[in-house]
Amino acid sequence: MRKSAGVVACMSAFLLFAGCETGPVGGIVKQEETSNDNELFIYTVWPAYYVKEEIFEKQIGQFIKKKFPDLKFKHVHWDNPGRQYQDLIAAGTIPDIIMDDSFLNVNRYIIDNDLQYDMRELIKKYNFDTSRLNPAMMDRMKNIASDGSIYGLPFQTSDFILFYNKDIFDKFGVEYPKAGMTYDEAYEKAKKLTRVEGEITYKGYSQHPGHYMNYNQLSLNPLHPTEDRASMTSEGWVKMVDNLRRFYDIPANQFDTVEKFPLGNIAMAVASADRIVKFHQDNPNLNFDISTPPVFIDHPNNRYQPNVSSVYITKQSKKKDAAFKVIEYLLSEEMQVELAKEGNIGPLQTQAVKDAFGANLPYMKGKNIASLFYGNYAPAAPGRAAGLTYHLVNTPGVFAPLIFSESKDSVTALRMTEERETKAIAAEKAAKAELQKAVKK
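Cut-offs used in this document
- Residues numbered from 1 in each chain as written.
- Predicted model: local features only at pLDDT ≥ 70, side-chain atom pairs only at ≥ 80, totals over all residues.
- Heavy atoms only, no water.
- Helix = DSSP H or I, 4+ residues; strand = E, 2+ residues; numbered from the N terminus.
- Rg over C-alpha atoms; globule rule 2.2 N^0.38 Å.
- Contact = heavy atoms within 4.5 Å.
- Areas by Shrake-Rupley, 256 points an atom, 1.4 Å probe, with all protein chains shown as cover.
- Pairing = 2+ DSSP bridges.
- Axes fitted to C-alpha atoms, helices over the stretch in contact; angles between N-to-C directions.
- Buried < 20%, exposed > 50% of the residue type's maximum accessible area, 1.4 Å probe, protein only.
- 1 Å grid on protein atoms, 1.4 Å probe; cavity = no way out; pocket = protein on both sides within 12 Å on 5 of 7 lines; lining within 4 Å.
- Points joined across faces, edges and corners; volume = space filled by probe spheres on them.
- Nonpolar A, V, L, I, M, F, W, Y, C, P; charged D, E, K, R; others polar.
- Polar contact = N/O pair within 3.5 Å; in protein donor to acceptor, adjacent residues only side chain to side chain.
- Core = buried A, V, L, I, M, F, W, Y, C linked by side-chain atoms within 4.5 Å.
- Salt bridge = Lys/Arg side-chain N within 4 Å of Asp/Glu carboxyl O.

Draft legend 1. Looking closely at the overall build of the chain. Check the secondary structure of the chain and you find 16 helices and 13 strands. For 441 residues, the compact-globule estimate of 2.2 N^0.38 gives 22 Å, and the C-alpha radius of gyration of the chain, at 23 Å, lies within 12% of that figure. Taken along its principal axes, the extent of the C-alpha atoms in the chain is 65 × 50 × 40 Å. Within the chain, contacts between residues separated by at least 24 positions form 79% of all contacts whose residues are at least 6 apart in sequence. Accessible surface, the chain as shown: approximately 19200 Å² in total, 51% of it carbon and sulfur.

Draft legend 2. Up close: the sheet that holds strand β12 (residues 308-313). On the basis of which strands lie adjacent, the open sheet formed by five strands has the order β2-β1-β3-β12-β4 and mixed pairing. One side of each edge strand has no neighbouring strand; the edge strands of this open sheet are β2 (72-77) and β4 (152-157). Averaged over all pairs of adjacent strands, the angle between their axes in this sheet comes to 20°, without regard to strand direction. Bridge count between β4 and β12: five bridges; the pairing is antiparallel. Bridging across to β12, Thr157 finds its partner in Val308. Sheet strands in contact with helix α2 (residues 53-67) are β1 (39-44), β2, β3 (97-101) and β4, and its direction is about 155° off that of β2.

Draft legend 3. Broad picture of the pairing of β3. Across the five residues of β3, five count as buried, placing the element largely inside the fold. Bridge analysis of β1 against β3 gives three bridges, and the strand direction is parallel. Pairing of Ile42 across the sheet is with Ile97, part of β3.

Draft legend 4. Quick peek at empty space enclosed by the protein. One pass over the full model with this rule turns up two cavities of 30 Å³ or more. Along its surface, the largest cavity is lined by Tyr49, Tyr50, Phe155, Gln156, Gln336, Leu339, Ala340, Asn344, Ile345, Gly346 and Val353. Among the secondary structure elements, those contributing two or more residues to the lining of the largest cavity are β4 and α13 (333-341). At three residues, the largest contribution of residues to the lining of the largest cavity is made by α13. Of the residues belonging to the lining of the largest cavity, the class tally is seven nonpolar, four polar and no charged.

Draft legend 5. Just the side chain of Thr395, in detail. On the secondary structure map, Thr395 appears in the loop between β13 (376-377) and α15 (399-403). Among the polar contacts made by the side chain of Thr395, one reaches the side chain of Asn214 at a distance of 2.8 Å. Apart from the residues within four sequence positions on either side, Thr395 is in contact with Gly210, Met213, Asn214 and Met232.

Draft legend 6. Expanded view of the nonpolar core. Within the largest apolar cluster, 45 residues are counted, with the highest numbers of intra-cluster contacts made by Leu193, Tyr205, Tyr212, Phe247, Met268 and Val398. For this core, the elements supplying multiple residues, two or more each, are β5 (160-165), α7 (166-172), α8 (183-193), α9 (209-214), α10 (235-248), β9 (268-272), α15 and α16 (410-440). Considering each element in turn, this core owes the most residues, seven residues, to α10. Apart from residues no more than four positions distant in its own chain, Phe247 is found in contact with Tyr183, Ala186, Tyr187, Ala190, Tyr205 and Asn253. Met99, Tyr117, Met119 and Val326 belong to the second largest nonpolar core, which has 33 residues in total.

Draft legend 7. Seen up close, the pattern of salt bridges. Tallied over the full model, the rule gives 25 salt bridges. As a salt-bridge pair, Arg384 and Asp228 come within 3.9 Å of each other at their nearest N and O atoms. Here Arg384, found in the loop between β13 and α15, pairs with Asp228, found in the loop between α9 and α10; they are 156 residues apart in sequence, far enough to count as distant. Owing to a relative accessible area of 18%, Arg384 belongs among the buried residues under this scheme. A salt bridge links Glu419 to Arg415; the shortest N-O distance between them is 3.4 Å. Taken as a pair, Glu419 and Arg415 lie in helix α16 at a separation of four residues, close to a single helical turn. Given the relative accessible area of 39%, Glu419 is considered partly exposed. Among the residues examined, Arg415 registers a relative accessible area of 39% and is labelled partly exposed.

Dropping the structure here:
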């Protein structure tokens, strides 16, 4: 998604806030110009829709301004060019609070840029009860650091749900999906719903292979727990790949993209919950409903691992207490209810929050909202031993090109991916070692 090339050039200066002497970058001003004692700088990367200031203001800004009238807030969203991590750091503008993806970006952007801060002291100081938050989402954060550090608290999750086009089901006389539907049942429906009629190809089922594997329901980690290498040739990984590839072996049901669901020719699509808003915006006349994503028959209650975005306080912030109080409020029932009204799923899942989901989205009336909270999240994939090199494994590469274009069998595709990613880890490890030598000089 986002590359950190260029960040290392300023690494030795990061710890001193100074960065490289580049001046304002892409509209970002220098740290000394934003050092007002009563101003908090909030930097959002995920959720991505906060790139639109009006959405951030509607969902967050207006509420924290009212709650904290003595504070001022500066909000910047990741953008390219000019507002990536390296741009802010080079300009000396270290945020107080960061919102970002807990799977994709914590290691490669927050930790690699030495922005991480262990929030346990503040959690204890303010008697913040983390047990109120969804345990699977908290485990996602706890598994990041091997020493028990908590670098962030879960704020929002783009859960994977099943969207289905009721018109296609009605057209072909197939029963609608039900909560807890297994992959085998989904596969049988997909075969009945995949049709070619004239110039229209109806696809029975669509799901992004990368999301399917990254947040997999079997809690598999593509990285070895104690060694600097990939680990993707176990029976569990073969089971995962075989399970999905059969859907794309159905004639005319080749994978394209779930983003085409609003066009009206895909019967079932597994996509993140934030697409509830986007799909409706793309096609207001789309006759869709939602249900749970399919489950493995031997793991009937396992949804996907939580696709969490969390809130972090930077170690460089001089306003950690004020930042934590804001985060504490964002995770209150009052705020979580307001966020749920806009279609957000958060870590606080009280009945009041569940009941509020979609209240500000008229088109969700009558839809199967209860399915959003059906079953349990699969446990977060186990953490790894201290000191190992983090690497974002290219899990989609198993399917594209190895399976989709080259017709490799599952075992071979996984083995080739494991070998490729292990070489990449070795290269990254060597590059970091060279960098550390350069910094010491």
